Amino acid sequence: MLKNTLVLPFAVSAKDRCEVFTLNMEVAAVLLLAEARRRKLGFFEADRKTVFVSKLHYPLWFVPWEDGSLVIDGLGVFSAIIKCPALPDVASFIEDVERGVSDRKRFWASLEKHEKTFVDFAGSVEVKVGALISDRELLSAVFEYVGEASSTQFGENVSVVLTPPKLDVHGAVERAKQVSHLHKQVQSEISSLEYVRSLLNEAVSLHEQMILKEIEFTREVYDGEIAKLRPTIERKVDQLERERDAEIAKMNRIVENEVKAKERERGKRERELQRLELQKASFVRRRDMCRRRNDEVGLARWEHRIRVCENRIREVKRRINDLAEFIEEARRQNEADIEKLRSSYQELIEKEKSRIISLETQRDENIESKQREMETLKHATAKIVNNIEELINREREREKELKELAIPWRTDDASLVCLPFYLVGYQNGKETQLQIFPPVRVKSSKGIMKAFKKTLMGFTLSSRIKLFQQPRSKALERMLDFALKKTEKSDKAFSEVLRQAAASANILAGQNFRETLIKGLEELKAEGWIGQKEVDTLTKLYA
Amino acid sequence: MAVEDKVVERKILLKRAFPRHQLFEIGRKLGIPYFERFENAWGIDEEQAAFEIASTISDAKLKEIFDTHKPRRWVVFRGKHYTLENGALSLEGSWETIKSSLRQIEKKYGKNGLEVLKAFLEAGKGCGLRDIASNLKHGIDPAPIVADLEKLKIVTVSYRGNGYKEWRILEEASPLIQLELGIAPPKRAQEAASQKTVTVEEGEVDYVALERQEIEKMENELNQYLGDLLRNRLDATIKFGKTFSITAIADYLMKLFGPVLYFDSLLSITQQYSLADVEIVHERGKTGMRTGWNLALFGEPGTGKSFSTRDMILGKPDAKIPPHGIPGRNRYAGGMTPARFIRIGQAYVGRTFNFIVPEFNDWFKYKGMVEPLKLAMERGLIKYELHREVIGPYKFSGFFSVNYNVATYGRGYEVTIQDPNYVAVEDRMLCRLHRLTKQRFIEIAQSQIKLAFGEIDIEKGAKKIRDHLTLVYAIETQHPLVKARFPQKPVLITPKAYEIIEKARNAILEQIPRESVTFSARLEDRAMRFACSASLLNYFQSSFDYIPVSEEALKYAVQLYVEEASVRSRQEFTPEEVLTKLQL
């Protein structure tokens, strides 16, 4: 027997049970169940009887891994299929990003090239880990079982009959190593993904810094050019403005000279008009005097003079009017000419100024384009980083799943855990039919007696016993049934060895069997499991 | 030296030519223990990995590695011993080609070409045309020079953006260009100097050339020590550094030498940390200060000055005292004349070494030497004119750790300050003045007995301290072996530091009844530098990109300040009074 061997008890008392469940009781209970089973199968004939009732142990290896243990099937019947996704081409990505660190165009190219690299894994393979028990329900049942039996210590020189294991400790450790290897691989993959993520983040932050530097550089270059150009432009604008103003002044001067002459004449004419108006009034007065004196000659003369004067007044007024119109026209024309001149100069000034504005616009566009590039770069990188993070999460999930393959029960070295069960052989002609009784949990008799006080003895024997002791887990039951029966059928050598083991552990052939059985039956009867009739029947049959 | 050179080059080459997973593969294949510590390539330190491989393999193996593993075709390497271009490794260096290219540049562009290269060297990283232009005289266009430098493979493009380019000098070519530009002691210049240097007082021996050999030995000593540390004791040293502090070192020394004697050794070891000459900053920017300082221990013979400055730093195997100082960075100048010092100082241009002078007072006795010595203590430009030759001008950038013997006859300060050179020294050094008091005498006597009977075992402690000191020094001086692995951190003076010093100042002034004070305000500056240097011990404890001045360091700085103020004030107050008041 291996140094680290843990033999689990077949029957574990439930928490509510205070009474001791003796080995005699265990044997008697199993025999009662075996007998009930035999009857159920219809084996009433004398040649169809129970040939052996053997307490055997199923070998499970506990191989320490991480904070727990992997459970390896000693018969190698079970196996686990682990899906392993293949990582995208990280090496090529690293190479492209590292190369792109010093060249932005190349960095862009690598971002485009790897846009979809981390969208998903590059496929997957299924790795079969032989003998590894991965069924969650079964692992949980085993862990619970080991936990409940924790008072039972590991030890050596434990004498039990094992179902012949097909896997020794080295084989079990080898299988566990496969899981450890897969785990390391997952960790390595996570590290590689984390590395490429940080590499990418570093690269993009470097490019961001460089773009900011470029923006600064661009601003300085343009500002330098603008600063260099501005004095020239200002000088030119100033010159144009001065030219314009001089021309306007010249035009105003010419027009004003002309206008002034005309205004002088107008003044003269106005004064003349005034004089003529006075003259006319004087002539009118004199004519009127002549009319009162009936001086016909004088009347005619003053009439004539008045007409001459009026004619002259009309002429002068016309002239004054012409002069006013001329002055007005000259001024209007001058204003229009000045406006035209101004606009032509303004055009020239604007043209000069537009050289700076054009540079400013170019600078702003350039800077904006770089800022846009920075945003796009961040966006493109964030997309890849998100994909990488998604893969990291999936890998972490895988890692968690792998860790869940271990039960949280840690031993220092690989240990053999012997899981007990009873194997009963019924002879049916030449054939021997096998029945497995999995480990049980024994309940408190008092509680059951209280609940089924009157009706208990009305139950069939099998149902009654099952009330007191229940198989501890369906998963364990399924495992034993599947593993033993399948192997027994498919592997003749195993079948032979199993039967030999069963024969060697047959309690029916044991020296103290009779005493054990009688004691066991009496104890069961005392707890109210069975009646005297059943004691007698079984005693008659076996003792 | 050549061997170490090769290792450094190989390390840079390997790191550049192979991605980390390939380095891991190579390391594993070679069975190097460092790689066994890692499950996969992603946990390794690329710098360390490259170094581990580089220090294990020969040239033939290197060639084999490059033949087996495909190196990156897009990287170039132009070293002294190796060249890598278009994915092909040559075991011949590129320095000769670069040298001739440099001549071409010098010929074509003269001083401007060299100025451009200097600007690249000073930047130490990629530079754009704008960066270069800002370092040049107005009106010089660096574009054609840089284009030629690129064409001649002296610089390479380090960044190509959108209408923007940066260049840099390759790390492996940088030493050559430094040599050629005379920034570090050039070999050619060395040869030239050996022809030119004519000694007056000391015959025809070329002391500068001899000293260069000495420097080479010392460089080698540092490189070997550091290499060994990185290979075998790096993790342990970092772990040690996480808990190490000025208090820890003070406790260590106090246990060894007692509560009076320990302080001199504490000053000596702290001065070793200061040699990294780290920049001191405050929260809003630079202070213009650096950590480096000179140390002068004044006192009567037999007060333990030489023990602290020489034996503790360089070690004294006969007395079972292992060295605590930086390997290869302390030049013992015992028995050296000041004239020779001024002469060999030329070999130290651009290098920061510590000169240990056991009888500094003797140096001042030489006629005409006071001025150059003052300049040396100020780290200024030294020029010494003799009737047959002129030494310098050259910039001395080393530090001093000196003993100055004065017979105080129990009167302490008065006698010392009457020494005409004292002011010159006090202005430029952190001075510690002490008499042979009874307490000091007892501690010296006890230490001697303990050492004689082997009761003091400082071997283990000294090794740890030396490893830590060397690593911090290498990091802060950006030694190529650690440059890429640890960041250089400045020391940050916090407002609290000023507050504490101010508090100390007020407490001292309160104790002085007169209106005038008899000590210089430089004491405060020295105390602050001491605190900053002592804070370097906390390098591995700071998670920031700077090292804040530690309160522990300030405590010792204040102690130093108060004690020295007391001595200089003719003990008008006792340091204990002030320190108690300050609750330190």
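Worth saying up front: this structure is predicted, and the values here are computed from it rather than measured. (Residues numbered from 1 in each chain as written. Chains lettered and ligands numbered in written order. Predicted model: local features only at pLDDT ≥ 70, side-chain atom pairs only at ≥ 80, totals over all residues. Heavy atoms only, no water.)

Visitor: Hey, could you run me through the overall build of chain A in this one?
Guide: Within chain A one finds twelve helices and eleven strands. Counting over 543 residues, chain A shows a buried share of 44%. Partitioning the intrachain contacts of chain A with sequence separation of at least 6 by distance along the chain shows that 85% fall at a separation of at least 24. Counting only carbon and sulfur atoms, one obtains 50% of the accessible surface of chain A, whose full area is about 29500 Å². (Helix = DSSP H or I, 4+ residues; strand = E, 2+ residues; numbered from the N terminus. Buried < 20%, exposed > 50% of the residue type's maximum accessible area, 1.4 Å probe, protein only. Contact = heavy atoms within 4.5 Å. Areas by Shrake-Rupley, 256 points an atom, 1.4 Å probe, with all protein chains shown as cover.)

Visitor: Quick question: what am I supposed to make of the overall build of chain B here?
Guide: Across its full length, chain B holds 26 helices and 16 strands. Pairs at least 24 residues apart make up 70% of the contacts formed inside chain B by residues separated by at least 6 positions. Surface accessibility of chain B: about 25400 Å² in total, with carbon and sulfur atoms responsible for 51%.

Visitor: Would you explain the sheet that holds strand β10 (residues 354-357) of chain B in this entry?
Guide: Across a sheet, paired strands are connected by hydrogen bonds in the backbone, their directions being either parallel or antiparallel. Residues and elements named next belong to chain B. A sheet is described by the order of its strands in space; here five strands give the open sequence β9-β10-β13-β8-β14, paired in parallel fashion. The outermost strands of the open sheet, each flanked by one partner alone, are β9 (330-332) and β14 (430-434). Averaged over all pairs of adjacent strands, the angle between strand axes in this sheet comes to 15°, irrespective of strand direction. (Pairing = 2+ DSSP bridges. Axes fitted to C-alpha atoms, helices over the stretch in contact; angles between N-to-C directions.)

Visitor: In this structure, what is going on with the sheet that holds strand β7 (residues 285-290) of chain B? I would like to understand it.
Guide: All names here are of chain B. Spatially, the four strands line up as an open sheet ordered β7-β6-β15-β16, and their pairing is mixed. Edge positions in the sheet fall to β7 and β16 (547-548), since each has one partner strand and no second. Here strand β15 (residues 491-492) pairs with β16 via two bridges, running parallel. Within the sheet, the bridge partner assigned to Leu-492 lies in β16 and is Pro-548.

Visitor: Sorry if this is basic, but what is going on with helix α9 (residues 143-151) of chain B here?
Guide: An α-helical segment advances 3.6 residues per turn. Residues three or four places apart therefore align on the same side. Inspection of α9(B) places B:Ile145, B:Val146, B:Asp148 and B:Leu149 among the buried residues, and these make up the whole buried set. Each buried residue of α9(B) sits inside an arc of 160° when the element is viewed along its axis, so together they form one side. (Arc of directions from axis to C-beta.)

Visitor: Looking at this structure, how should I read the interface of chain A and chain B?
Guide: It is common to report an interface's size as the accessible area lost on association of the parts. Contacts between the two partners involve 26 residues from chain A, matched on the other side by 20 residues from chain B. Summed over both partners, the interface of chain A with chain B comes to about 2100 Å²; 54% of that surface belongs to carbon and sulfur atoms. In terms of surface lost to chain B, no three residues of chain A exceed A:Tyr195, A:Lys213 and A:Phe217, which account for 24% of the buried area on that side. Counting every contact that joins chain A to chain B gives seven salt bridges. Put simply, B:Asp131 and A:Lys213 hold a salt bridge, and the shortest N to O gap is 3.7 Å. Applying the counting rule to chain A against chain B returns 13 residue pairs in polar contact (both at pLDDT 80 or more). (Buried area = accessible area lost by both parts, 1.4 Å probe. Salt bridge = Lys/Arg side-chain N within 4 Å of Asp/Glu carboxyl O. Polar contact = N/O pair within 3.5 Å; in protein donor to acceptor, adjacent residues only side chain to side chain.)

Visitor: Please explain the pattern of salt bridges as it appears in this structure.
Guide: Across all of its chains, the model carries 89 salt bridges over all chains by this definition. A salt bridge links A:Glu174 to A:Lys177, with the shortest nitrogen-to-oxygen separation between them at 3.5 Å. Remark: A:Lys177 and A:Glu174 occur in helix α5 (residues 169-292); sequence separation between them is three residues, near one turn of the helix. Using a relative accessible area of 44% as the deciding quantity, one classes A:Glu174 as partly exposed. Of the charged contacts in the structure, one is a salt bridge between B:Glu150 and B:Lys165, with a shortest N-O distance of 3.6 Å. Taken together, the residues span a long stretch of sequence, with B:Glu150 in helix α9 and B:Lys165 in strand β5 (residues 165-169) at a distance of 15 residues. With relative accessibility at 27%, the residue B:Glu150 sits in the partly exposed group. Since its relative accessible area comes to 27%, B:Lys165 is described here as partly exposed. What you see here is one network of salt bridges that share partners, running through A:Glu265, A:Arg269, A:Glu272, A:Arg312, A:Glu315 and A:Arg319.

Visitor: Whenever I open this one, the packing of helix α2 (residues 20-29) of chain B against helix α4 (residues 46-54) of chain B confuses me. Can you help?
Guide: Helix-helix packing is described using two parameters, namely the angle between the two axes and the distance between the axes. Residue and element names in this part refer to chain B. Running from amino to carboxyl end, α2 crosses α4 at an angle of 35°, the nearest separation of the two axes being 10 Å. Remark: the crossing between α2 and α4 carries left-handed chirality. Of the residues in α4, those touching α2 at Arg-20, Leu-23, Ile-26 and Gly-27 are Glu-46, Ala-50 and Ile-53. (Left-handed = near helix turned anticlockwise from the far one by under 90°.)

Visitor: I would appreciate a short explanation of the packing of aromatic side chains in the present structure.
Guide: Between two aromatic rings, the relevant description is the distance of the centres plus the angle of the planes. Tallied over the full model, the rule gives 31 aromatic pairs over all chains. Ring plane angle 25° and centroid distance 5.6 Å describe the contact between A:Phe21 and A:Trp529, whose orientation is recorded as stacked. With A:Phe21 in the loop between β2 (11-13) and α1 (23-41) and A:Trp529 in the loop between α11 (513-526) and α12 (532-542), the pair connects residues that are 508 residues apart, well separated along the chain. The same class applies to A:Phe21 and to A:Trp529, which are both buried. Cluster of aromatic residues (ring-pair linked, three or more members): B:Phe341, B:Tyr348, B:Phe353, B:Phe355, B:Phe360, B:Trp363, B:Phe396 and B:Phe400. Across from the ring centre of B:Tyr225, 5.0 Å away, lies the NZ or CZ of B:Arg466, which sits over that ring. The ring of B:Tyr539 carries B:Lys489 above its face, with NZ or CZ at 4.4 Å from the centroid. (Phe/Tyr/Trp six-rings, centres within 6.5 Å; stacked < 30°, edge-to-face > 60°. Lys NZ or Arg CZ within 6 Å of the ring centre and 35° of its normal.)

Visitor: In this structure, what is going on with the side chain of A:Arg17? I would like to understand it.
Guide: As for its placement among the helices and strands, A:Arg17 is situated in the loop between β2 and α1. Every residue in contact with A:Arg17, bar those within four places of it in the chain, is listed here: A:Met25, A:Val442, A:Lys443, A:Ser444, A:Ser445, A:Glu527 and A:Trp529.

Visitor: Where do I start with unusual backbone geometry in this structure?
Guide: Glycine aside, residues mostly have negative phi angles, and peptide bonds mostly take the trans form. Residues and elements named next belong to chain A. One non-glycine residue, Glu-66, lies in positive phi territory at about 55°. Among the structural elements, Glu-66 can be located in the loop between β3 (50-65) and β4 (68-73). Residue classification places Glu-66 among the partly exposed residues on the basis of a relative accessible area of 37%. Positioned with a positive phi, Ala-131 is a non-glycine residue whose angle comes to about 70°. Locating Ala-131 in the fold gives a position in the loop between β6 (124-130) and α4 (136-148). A residue is classified by how much of its surface remains accessible, and Ala-131, at 2% relative accessible area, is buried.

Visitor: What is the right way to read the pairing of β7(B) from this model?
Guide: Working note: regular strand, side chains alternate between the two faces of the sheet. All names here are of chain B. Relative to β7, strand β6 (residues 279-282) is paired through four bridges, and the arrangement is antiparallel. Following the sheet pairing, Glu-279 is matched in β7 by Arg-290. The turn linking β6 back onto β7 is made up of two residues.

Visitor: I'm lost on the environment of A:Arg275 in this one. Help?
Guide: Positionally, A:Arg275 belongs in helix α5. Between the C-alpha atoms of A:Arg275 and A:Ile313, which are 38 residues apart in sequence, the distance is 9.4 Å.

Visitor: What exactly am I supposed to notice about a positive patch on the surface here?
Guide: Residue and element names in this part refer to chain A. On the surface, Arg-285, Arg-286, Arg-301 and Arg-305 cluster together into a patch of positive charge. Mapped by element, the contributors of at least two residues to the positive patch are α5 and α6 (296-403). The residue Arg-286 is located in helix α5 in this model. Exposure remark for Arg-286: the relative accessible area of 41% places this residue in the partly exposed category. (Patch = residues over 30% accessible without salt bridge, like charges linked within 9 Å, V, L, I, M, F, W, Y side chains within 5 Å. Lys, Arg positive; Asp, Glu negative; His and termini not counted. Charge placed at Lys NZ, Arg CZ, Asp CG, Glu CD.)

Visitor: Before we go on, may I ask you to explain the environment of A:Glu220 in this structure?
Guide: Residues and elements named next belong to chain A. Looking at the element boundaries, Glu-220 is found in helix α5. Residue classification places Glu-220 among the partly exposed positions, given a relative accessible area of 38%. Remark: the alpha-carbon pair of Glu-220 and Arg-363, spanning 143 residues in sequence, is separated by 9.4 Å.

Visitor: Would you mind showing me how to read the environment of B:Val157 here?
Guide: All names here are of chain B. In this fold, Val-157 is placed in strand β4 (residues 155-160). Here the alpha-carbon distance between Val-157 and Gly-126, two residues 31 residues apart in the chain, equals 8.1 Å. Those residues in contact with Val-157 that sit more than four places away from it in its chain are Glu-150, Lys-165, Glu-166 and Trp-167.

Visitor: Which parts of the structure should I look at to understand the pairing of β14(B)?
Guide: All names here are of chain B. Most of β14 is tucked away: five of the five residues are buried. Here β14 shows no split at all, with Leu-430, Arg-432 and His-434 on one side and Cys-431 and Leu-433 on the other all buried. Sheet topology places strand β8 (residues 295-299) next to β14; five bridges connect them, and they run parallel. From the neighbouring strand, Phe-298 faces β14, where its bridge partner is Leu-433.

So far we have only geometry, and geometry alone does not tell us how the molecule works.
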